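Structure assessment
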Amino acid sequence: MSSRPTPTARQARLGAELRKLREAAGVPNRHAAAQLGVSPTQISHIESGRFGLSEERLRRMAEFYDCDDTALVDALVEMSLPRFGNWWDEYRNVMPPQALDLAELEHDASYVRAFEVVHIPGVLQTEEHVRAASVFFEPSLSEEIREARVSFRMRRQQVTASGTPYDVIIHEAALRMRVGGSKVARAQLEHLLLASEREAVTLRVIPFTAEGFAGAGLPMQYVGGAVPQLDTVQFDTTHGAEFIDAPARLSRYRALFESIDSAALPQDASLDLIRRIAQEL
């Protein structure tokens, strides 16, 4: 086992899921260590994502923990496999680690549900929109770093072109933000209309006139895993992306997304509203 100084979110999540299985089975750390022929410290490192483990050892651990959920075990095995040639690795010295984790999360998603209040979802932004927003939020960036970050955002958009179901709800406020000026804003709305034509994309709007909608805090994505136990909620914050995977909190956010869903217009009416706003620019 080789140590990882900084596990990725995927590696840390694998370790956390193994810890959940062990704790659910009531197996002490030292007993798990004896089963694998390692030290208790190494089990702790596995469960923190700092050490990887082979498929054979992972399946042996799952069996020792009496986990008979074949789909979950197979998904954990898939998470444990080494990865090479990831497109996001090219940006490892340019983008914050959370951004790379988000790209990997989207790459592995079985589906994505997104909600935005005052921003256009990142994977649906035009290049001009991304650049204008970057200048506003990070004016001190060098031109080289800025262009690399724009490139990264553009490549993240593979998730909507790959066939992964992408269900996004945008508040009307975001559609009326003139990021980069009227010309850039109009092109952005036209880009949303084009994106909505993709079979996997569902785009709906919560209008200002929606009655009973009380708002919903931060923008967020609900990312479906290979099995429901591996779902993740992702937030954008001023200090980077944050990820939530505790079962009770996932349940809470599933319910919140359903409430948001009920406040949104149907897709046809949503696209008509986007067209009207574009015509006003």
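Residues numbered from 1 in each chain as written. Predicted model: local features only at pLDDT ≥ 70, side-chain atom pairs only at ≥ 80, totals over all residues. Heavy atoms only, no water.

Let us look at the packing of aromatic side chains. Counted under the stated rule, the structure contains nine aromatic pairs. A centroid spacing of 5.4 Å and a plane angle of 45° characterise the contact between Trp 87 and Phe 152, whose relative ring orientation is tilted. Of this pair, Trp 87 sits in the loop between helix 5 (70-80) and helix 6 (97-108) while Phe 152 sits in helix 8 (residues 143-156), and the two are 65 residues apart along the sequence. Neither residue differs from the other here; Trp 87 and Phe 152 are each classed as buried. Aromatic side chains Tyr 111 and Tyr 222 sit 6.4 Å apart centroid to centroid with 10° between the ring planes, which places their arrangement in the stacked category. Of this pair, Tyr 111 sits in strand 1 (residues 111-116) while Tyr 222 sits in strand 4 (residues 220-224); the two residues are 111 residues apart in sequence, bridging distant segments of the chain. The buried category is assigned to Tyr 222, whose relative accessible area is 2%. An aromatic cluster is present here, built from Trp 87, Trp 88, Tyr 91 and Phe 152 joined pairwise through their rings. (Phe/Tyr/Trp six-rings, centres within 6.5 Å; stacked < 30°, edge-to-face > 60°. Helix = DSSP H or I, 4+ residues; strand = E, 2+ residues; numbered from the N terminus. Buried < 20%, exposed > 50% of the residue type's maximum accessible area, 1.4 Å probe, protein only.)

Moving on, we get to the pairing of strand 6 (residues 240-244). Both strand 5 (residues 232-237) and strand 6 contribute to a ladder of five bridges, which runs antiparallel. Note that in strand 6 the partner of Phe 235 across the bridge is Glu 242. Between strand 5 and strand 6, which pair antiparallel and follow one another directly, the connecting turn spans two residues. (Pairing = 2+ DSSP bridges.)

What follows concerns the pattern of salt bridges. Under the definition given, this model contains 25 salt bridges. Between Glu 56 and Arg 60 there is a salt bridge, and its shortest N-O distance comes to 3.3 Å. With Glu 56 and Arg 60 both in helix 4 (residues 55-64), this residue pair falls four residues apart, about one helical turn. Judged by relative accessible area, Glu 56 falls into the partly exposed class, the value being 47%. Between Glu 127 and Arg 131 there is a salt bridge, with the nearest N and O atoms lying 3.0 Å from each other. Separated by four residues within a single helix, Glu 127 and Arg 131 lie in helix 7 (residues 127-137), roughly one turn from each other. We classify Glu 127 as partly exposed; its relative accessible area is 36%. Overall, Arg 131 belongs to the partly exposed group, its relative accessible area being 24%. (Salt bridge = Lys/Arg side-chain N within 4 Å of Asp/Glu carboxyl O.)

Next up on the list: the environment of Arg 276. As for its placement among the helices and strands, Arg 276 is situated in helix 13 (residues 267-280). Owing to a relative accessible area of 46%, Arg 276 belongs among the partly exposed residues under this scheme. Spatially, the C-alpha atom of Arg 276 lies 27 Å from that of Ser 134, the residues being 142 residues apart in sequence.

Grouped together as the largest cluster of nonpolar side chains are 26 residues, with contacts concentrated most on Leu 124, Tyr 166, Leu 175, Leu 192, Leu 203 and Ile 274. Taken together, the elements giving at least two residues each to this core come down to strand 1, strand 2 (166-171), helix 10 (172-175), helix 11 (182-195), strand 3 (201-206) and helix 13. A per-element tally of this core places helix 13 first, with five residues. In this view, Tyr 166 contacts Val 112, Ala 114, Pro 121, Val 123, Leu 124, Thr 160, Ala 200, Val 201, Thr 202 and Gln 221; residues no more than four positions away in its chain are not counted. (Core = buried A, V, L, I, M, F, W, Y, C linked by side-chain atoms within 4.5 Å. Contact = heavy atoms within 4.5 Å.)

For the rest of this paragraph, the subject is helix 2 (residues 29-36). When helix 2 is considered as a whole, its buried residues turn out to be Asn 29, Ala 32, Ala 33 and Leu 36. Buried residues of helix 2, viewed axially, fall in a sector of 100°; they line one side. Looking at helix 2, the residues exposed on the side facing more than 90 degrees away from the buried face are Arg 30 and Ala 34. Where the residues of helix 2 are buried, they touch helix 1 (9-25), helix 3 (40-47) and helix 4. Looking at the residues trailing helix 2, positive phi occurs at Gly 37, about 75°. (Arc of directions from axis to C-beta.)

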